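Observations on chain architecture
This is what each chain is made of:
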Amino acid sequence: MGLRAPLPGVLIGFGFVGLLTVSLASLSYALAMRVRTPQEFGPVINSLTMPAMPLSGLMLPMTLGPRWLDVLSHLTPFRYLVDAVRDAYTGSYATPHMLHGVLVAVGFALVAVTVGTRVFRSAGA
């Protein structure tokens, strides 16, 4: 398709994936400790992740979709991460997308780890 991602862009993408992994793992543990049975965990996670994937713009940029969907996608943190990784892969490092992506990734990681830690401590684990 013609994409030639520079090495710094790929490494930045790995950084975003690392922060997202820490964030989602923390929230996943917190949610797992809050559900009553292990069988409830799967449906709850699926009901949260299924709408998040198309709204992130991972498959297609949201600017190509209807305006209402583009506006709705700005309510998910994943949208900003996907836009930032796209810019990194094209070698555009000093863009508003990159700034928003870094701020959202770090903020999301801080909030998620804080929530996960509090739930873990309150459970007596």
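Being a predicted model, the structure only gives us computed values, none of them experimental.

1. With respect to the nonpolar core
Membership of the largest hydrophobic core is limited to six residues, which are Phe16, Leu81, Ala84, Ala88, Met98 and Ala105. Those elements giving two or more residues to this core turn out to be α4 (77–89) and α5 (96–122). Here this core gets three residues from one element, more than from any other, and that element is α4. Residues in contact with Met98, not counting those within four places in the same chain, are Ile12, Phe16, Ala84, Asp87, Ala88, Ser92 and Tyr93.

2. Details of helix α2 (residues 38–56)
The terminal C-alpha atoms of α2, which comprises 19 residues, lie 28 Å apart, in line with the 27 Å expected from a rise of 1.5 Å per residue. Of the positions making up α2, those classed as buried are Ala52, Leu55 and Ser56. Where the residues of α2 are buried, they touch α3 (67–73) and α4. Backbone geometry just after α2 places Gly57 at a positive phi near 85 degrees.

3. Here's the deal with the environment of Arg86
When you line up the elements, Arg86 lands in helix α4. The sequence separation of Arg86 and Arg4 amounts to 82 residues, and the corresponding C-alpha distance is 12 Å. Excluding residues within four positions of it along the chain, Arg86 makes contact with Gly57, Leu58, Leu60 and Pro61.

So, how was this worked out
- Residues numbered from 1 in each chain as written.
- Predicted model: local features only at pLDDT ≥ 70, side-chain atom pairs only at ≥ 80, totals over all residues.
- Heavy atoms only, no water.
- Core = buried A, V, L, I, M, F, W, Y, C linked by side-chain atoms within 4.5 Å.
- Buried < 20%, exposed > 50% of the residue type's maximum accessible area, 1.4 Å probe, protein only.
- Helix = DSSP H or I, 4+ residues; strand = E, 2+ residues; numbered from the N terminus.
- Contact = heavy atoms within 4.5 Å.
- Expected span 1.5 Å × (residues − 1).

By themselves, these are just geometric observations and shouldn't be taken as functional.
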